[in-house]
Amino acid sequence: MAGIAISLLVLFILLARLTFFSAQAYHQGKAAYAAGEYPQAVEAFTLSIRHYYPGNRYSGAAVESAIEAIDQLLTNGEREQALLGLYEVRAALQSARSVYQPYFLPLQTVEERLKRL
């Protein structure tokens, strides 16, 4: 029983750390987005996505926010930065894969936008 309790404690600590770092990166991305610093926002959102685990609400929100920041870059005529952002987000989405793809539709969206650019 002690082994199970220790395993659950370790799992809880790992999930807490992932949640903390994901939330921190997400909020940094939101602050950068609000300040109009879209490349920094994409970078922060990408970091939040990389802290994925099933049920992490910050990773999911970061996917949508990253795509919004990339749209802003395109609106501002910053094609090169948008392209770099799409590559970063694609890499982060692909890194979240395990035996299933939790972000299938956003990954398709990113792939389609990369083809257009």
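Up top you'll find the structure we're talking about.
Reading the values: rules and limits
- Residues numbered from 1 in each chain as written.
- Predicted model: local features only at pLDDT ≥ 70, side-chain atom pairs only at ≥ 80, totals over all residues.
- Heavy atoms only, no water.
- Helix = DSSP H or I, 4+ residues; strand = E, 2+ residues; numbered from the N terminus.
- Buried < 20%, exposed > 50% of the residue type's maximum accessible area, 1.4 Å probe, protein only.
- Core = buried A, V, L, I, M, F, W, Y, C linked by side-chain atoms within 4.5 Å.
- Contact = heavy atoms within 4.5 Å.
- Phe/Tyr/Trp six-rings, centres within 6.5 Å; stacked < 30°, edge-to-face > 60°.
- Axes fitted to C-alpha atoms, helices over the stretch in contact; angles between N-to-C directions.
- Parallel < 35°, antiparallel > 145°, perpendicular 65-115°, else oblique.
- Left-handed = near helix turned anticlockwise from the far one by under 90°.

A word on the environment of phenylalanine 21. Relative to the helices and strands, phenylalanine 21 is located in helix H1 (residues 2-34). On the basis of relative accessibility, which here comes to 30%, the residue phenylalanine 21 falls in the partly exposed class. Each C-alpha atom, one on phenylalanine 21 and one on glycine 60, is 14 Å from the other, the two residues being 39 residues apart in sequence.

Our focus in this paragraph is the nonpolar core. In this structure, Ile49, Val89, Leu93 and Val110 are the most contacted members of the largest nonpolar core, which totals 28 residues. When contributions to this core are tallied by element, the ones reaching two or more residues are H1, helix H2 (38-50), helix H3 (57-75), helix H4 (79-95) and helix H5 (104-116). Each residue touching valine 110, except ones within four places of it in the same chain, is listed here: Ile67, Leu86, Val89, Arg90 and Leu93.

This next bit is on the packing of aromatic side chains. What characterises a pair of aromatic rings is the spacing of the ring centres plus the angle enclosed by the ring planes. Following the criterion strictly, the structure yields five aromatic pairs and no others. Centroid distance tyrosine 26 to tyrosine 58: 6.0 Å. Interplanar angle 50°. Geometry classified as tilted. Here tyrosine 26 is found in helix H1, whereas its partner tyrosine 58 is found in helix H3, with 32 residues between them in sequence. Assessed through its relative accessible area of 13%, tyrosine 26 is described here as buried. With a relative accessible area of 15%, tyrosine 58 lands in the buried category. Between tyrosine 33 and tyrosine 38 the ring centres are 5.2 Å apart and the planes differ by 70°, which places this aromatic pair in the edge-to-face class. For tyrosine 33, a relative accessible area of 24% gives the class partly exposed. Classification of tyrosine 38 as buried rests on a relative accessible area of 13%.

Running from N to C, H3 and H4 cross one another at 165°; their axes reach a closest spacing of 8 Å. Taken as axis vectors, H3 and H4 run roughly antiparallel relative to one another. The two elements H3 and H4 cross, and the hand of that crossing is left-handed. Along its contact with H3, which presents Val63, Ala66, Ile70, Leu73 and Leu74, the element H4 presents Arg79, Gln81, Ala82, Gly85, Leu86, Val89 and Leu93.

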